[in-house]
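A closer look at the structure
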Amino acid sequence: MKLVRGAWKLLVGIKDGLVLLAMLLFFGLIFAALSARPNAAGISDGALLVDLSGTIVEQPEESDPFAALAGGSVAKQHRLRDVIRALDTAQSDARVKAVVLDMDSFVGGYPAAISQLADAVGRVRKSGKPVLAFATGYSDDSYLVAANASEIWMDPFGGTLFSGPGGSQLYYKGLIDKLGINAHIYRVGTYKAAVEPYTRADQSPEARAANQALYGAIFSQWQEAVQKARPKARVAEFVTKPDMLVTAANGDIARANMTAGLIDKLGDRTAFGKRVAELAGADASKPMGDFKTIKLANWLSANPLPTSGDAIGVITVAGTIVDGKAGPGTAAGDTISELLLKGLAEKNLKALVVRVDSPGGSVLASEKIRQAILQAKAKGLPVVVSMGGLAASGGYWVSTPGDVIFAEPNTITGSIGIFGVIPTFENAITKIGVTADGVATTPLSGQPDIFRGTNAAVDTILQSTIENGYRRFLTLVSQSRKLPVARVNQIAQGRVWDGGTARQLGLVDRFGSLPDAIAEAARLAKLDPVKVRPLYLEKEPGFAAQLAAMFAKSGEDEAGEGEVARDVFARMSARQRGVFAQAIGDMRMLAKGPAMQARCLECAGMGPGVASREDARIAAFLMERALP
């Protein structure tokens, strides 16, 4: 009995010790996170440091508190409008002696977002304020931004190569056949290439022609923008014959870049820091190569959004459109419609701007968001749509209520088409000696039957439903754009367009950014654009998310950022890991079943190549298990 009591006391002691340790850790993390909160009052003269490690997005995902507490490594996401606001406000502030762009771990974003960021950097440069960019090596996205800087620095052991849009896409027809899976596809649209990976082993001629046109237009705009920012740089040569230029430099990519005028200075971080210190002052309390810094978070805190003036509501539809509720970065139908309806009821809004940055998704959720937008029109509010980097399929569906639609020349839009996918496994179970049988009282009993396959009745019904959804889509676009249905059908068919072509086709009204859309909404409401303010209809992050975000910021100044893709080999490898993770997402989408989709899966190839966090974790797990 003594032994039992002793063992019990030992277990209780261990339990109490673990609880105490957990409490100490928890409160220590809270203290560290609170210590990392932005300090607007702490700004002094120095260089505004814009560390772009990660991706540029329209709406960052909410931080995962568990991943943050466990030290999980996830790509940072920077809100586009926040970075642009920081750059614009820095132009005329005497405390900012220079702007520093740390591009070393920049992954990128959609072409329109990168162009807007590059333009903002160019505005700082034109104001006369020095802008210095640094990276071990630049990609297409990071170079376009850096090209607008006053000085482009690169590590002498690095290198810059341009790949352009495009590359291989995975096709799963062979794998599906080997596994014995039947992918039942219900679709409308000649160019609805989203379903091709499940039905073909290669790209269809229609999809290839459409992608060549889209990629060509986007890349042509990129080349023009770079050449405008750097007229003397021999960019075209590095695009068409990089192998010859690198070979001529005996494999020294950095020297080849310098010879071609792509880079202004070669130097490591210490040399770069010394150069910045000449402009912004040295930090005597830190090692050589450090300079007086203004943190981006502090600067944004000191330059908040305006709070006076008539309110123009801005609702953001960012990420895949899904049914139900979800956090930021995912366009959940219930969440967005509730936010919008609440804003219409409680805020004195004078107009509404719908900011869209989505490849689409659920038709049901897209329609729910559209209906909520129509409530703004029912109240007599002007509605202006502002397309970001991507507004395709369901992203265009939710844009149809707009009185005016703005886009960028390299916005990716269109993809007006509908599809549905249902997998069945009758051949798969037969391979392992399992069969299925039963009775049915109606043609729909047990349908869709994943063990015996679908029957003609359910196939007819589902295809008819998809065709009806497509007709509804055409009608919405026809009424919105004042085009005959037959004409809309010609330019729809699931085809993806760049913003420039979309404007010529009548799918877009004007070129312009979010501020341009807000100004237009003010004019439609008969208000002075200078005297209005944007009111973003967004849900405030919960305590756990705020804690995770602050804790993540607290580690930004510590040495060692984990594994990042900096040199040429690492960047190429990281890009392909992203493709693999996106393939995981494609297969997961197939397994989810028969939801009717207005989604542009092929649009992912035009983005930064970053899969969802969940898909990235699954891909990393599989790759780790595959390695010896």
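What counts and what doesn't
- Residues numbered from 1 in each chain as written.
- Predicted model: local features only at pLDDT ≥ 70, side-chain atom pairs only at ≥ 80, totals over all residues.
- Heavy atoms only, no water.
- Phe/Tyr/Trp six-rings, centres within 6.5 Å; stacked < 30°, edge-to-face > 60°.
- Helix = DSSP H or I, 4+ residues; strand = E, 2+ residues; numbered from the N terminus.
- Buried < 20%, exposed > 50% of the residue type's maximum accessible area, 1.4 Å probe, protein only.
- Lys NZ or Arg CZ within 6 Å of the ring centre and 35° of its normal.
- 1 Å grid on protein atoms, 1.4 Å probe; cavity = no way out; pocket = protein on both sides within 12 Å on 5 of 7 lines; lining within 4 Å.
- Points joined across faces, edges and corners; volume = space filled by probe spheres on them.
- Nonpolar A, V, L, I, M, F, W, Y, C, P; charged D, E, K, R; others polar.
- Axes fitted to C-alpha atoms, helices over the stretch in contact; angles between N-to-C directions.
- Parallel < 35°, antiparallel > 145°, perpendicular 65-115°, else oblique.
- Contact = heavy atoms within 4.5 Å.
- Pairing = 2+ DSSP bridges.
- Expected span 1.5 Å × (residues − 1).
- Core = buried A, V, L, I, M, F, W, Y, C linked by side-chain atoms within 4.5 Å.
- Salt bridge = Lys/Arg side-chain N within 4 Å of Asp/Glu carboxyl O.

The description of an aromatic ring pair rests on the distance of the ring centres and on the angle between the ring planes. If you walk through the whole model with that rule in mind, you get eight aromatic pairs. Between Phe134 and Phe272, the aromatic rings sit 5.2 Å apart at their centres with planes inclined by 35 degrees, giving tilted as the arrangement. Separated by 138 residues along the polypeptide, Phe134 in strand β6 (residues 131–135) and Phe272 in helix α12 (residues 269–280) bring together distant segments of the chain. Here Phe134 falls in the buried class, since its relative accessible area comes to 1%. Residue classification places Phe272 among the buried positions, given a relative accessible area of 3%. The rings of Tyr138, Tyr143, Phe162, Phe219 and Trp222 are connected pair by pair, giving a single aromatic cluster. The ring of Tyr536 carries Arg81 above its face, with NZ or CZ at 3.6 Å from the centroid. Above the ring of Phe511, the side-chain terminus of Arg503 is found at 4.6 Å from the ring centroid.

As a further point, take the layout of surface pockets. In this structure, the second largest pocket encloses a volume near 590 Å³. Taken together, 23 residues line the second largest pocket, and the ones lying closest to its centre are Leu514, Pro515, Ile518, Pro534 and Tyr536. Among the elements of the structure, α3 (80–90), α4 (111–126), α21 (514–524) and β22 (532–536) are those that each provide at least two residues to the lining of the second largest pocket. Looking at the lining of the second largest pocket residue by residue, the class counts come to 13 nonpolar, two polar and eight charged.

The interhelical angle for the contact between helix α14 (residues 333–346) and helix α15 (residues 363–378), taken along N-to-C directions, is 5 degrees, at an axis separation of 8 Å. By the angle class used here, α14 and α15 are roughly parallel. When α14 is examined against α15, the residues Gly333, Asp334, Ile336, Ser337, Leu340, Leu341 and Leu344 are found in contact with a partner set consisting of Ala365, Lys368, Ile369, Ala372, Ile373, Gln375 and Ala376. Split into classes, the residues belonging to the contact of α14 with α15 amount to nine nonpolar, three polar and two charged.

It is worth spelling out the sheet that holds strand β7 (residues 151–154) at this point. Consider a sheet: its strands pair through backbone hydrogen bonds, and that pairing is either parallel or antiparallel. The strand order β9-β7-β6-β4-β1-β10 describes an open sheet built from six strands, whose pairing is parallel. Lying at the two open borders of the sheet, with one neighbouring strand each, are β9 (265–266) and β10 (293–295). In the sheet, β7 pairs with β9 via two bridges, with the strands oriented parallel. Bridge pairing links Met154 to Leu266 in β9. The sheet contacts of α3 involve β1 (46–51) and β4 (96–102), and relative to β1 the element is tilted by about 160 degrees.

Time to look at the side chain of Asp93. With respect to the helices, strands and loops of the structure, Asp93 is situated in the loop between α3 and β4. Under the relative-accessibility criterion, Asp93 is labelled buried at 17%. Those residues in contact with Asp93 that sit more than four places away from it in its chain are Lys129 and Trp299.

Next up on the list: helix α8 (residues 205–229). A rise of 1.5 Å per residue sets the reference length of α8, with its 25 residues, at 36 Å; its end C-alpha atoms lie 36 Å apart and thus fit the reference within 8%. Buried residues of α8: Ala207, Ala210, Asn211, Leu214, Tyr215, Ile218, Phe219, Trp222, Val226 and Ala229, and no others. Contacts from the buried residues of α8 go to α4, α5 (140–146), α7 (196–199), α9 (235–240) and β20 (496–498).

With that out of the way, let us pick up the packing of α3 against α4. Relative to each other, α3 and α4 sit at 10 degrees, their axes nearing to 9 Å. When the axes of α3 and α4 are compared, the pair comes out roughly parallel. Where α3 abuts α4, its residues Leu80, Val83, Ile84, Leu87 and Asp88 lie against Ala113, Gln116, Leu117, Ala120, Val121, Arg123 and Val124. Looking at side-chain class alone, the contact of α3 with α4 contains nine nonpolar, one polar and two charged residues.

One open sheet accounts for three strands, arranged β3-β2-β5; its pairing is parallel. Edge strands, defined here as strands with exactly one partner in the open sheet, are β3 (77–79) and β5 (106–108). Taking each pair of neighbouring strands and ignoring which way they run, the sheet shows an average axis angle of 35 degrees. The sheet contact formed by strand β2 (residues 54–57) and β3 spans three bridges and is parallel. Looking at the pairing, Val57 lines up with Arg79 of β3.

Within a regular beta strand, the side chains point alternately toward one face of the sheet and then the other, so they alternate between its two faces. β4 sits mainly inside the fold: six of its seven residues count as buried. Where β1 meets β4, six bridges bridge the pair, whose relative direction is parallel. Within the sheet, the bridge partner assigned to Leu49 lies in β4 and is Val100. Sheet analysis places β4 next to β6, joined by four bridges and oriented parallel. Residue pairing across strands places Leu101 opposite Ala133, the latter belonging to β6.

We now examine the nonpolar core. Val99 and Tyr138 are the most contacted members of the largest nonpolar core, which totals 56 residues. Per-element accounting of this core gives the leading share, seven residues, to α4. Setting aside chain neighbours within four positions, we find Val99 in contact with Leu48, Val50, Leu87, Ala90, Val124, Pro130, Val131 and Leu132. Residues Tyr186, Ile373, Ala502 and Leu507 belong to the second largest nonpolar core, which totals 50 residues.

What follows is about the pattern of salt bridges. On inspection of all chains with the given rule, the structure shows 25 salt bridges. Two residues, Arg85 and Asp82, come together in a salt bridge whose shortest N-O distance is 3.2 Å. One end of the pair, Arg85, and the other, Asp82, are both in helix α3, three residues apart, so they sit about a helical turn from each other. The class for Asp82 is partly exposed, based on a relative accessible area of 22%. The partner of Arg234 in a salt bridge is Glu237, with the nearest N and O atoms 2.9 Å apart.

Turning our attention to the environment of Leu390. Structurally, the position occupied by Leu390 is in strand β16 (residues 383–392). Each C-alpha atom, one on Leu390 and one on Pro111, is 8.9 Å from the other, the two residues being 279 residues apart in sequence. Each residue touching Leu390, except ones within four places of it in the same chain, is listed here: Tyr110, Val356, Asp357, Ser358, Pro359, Thr411, Ile412 and Cys603.

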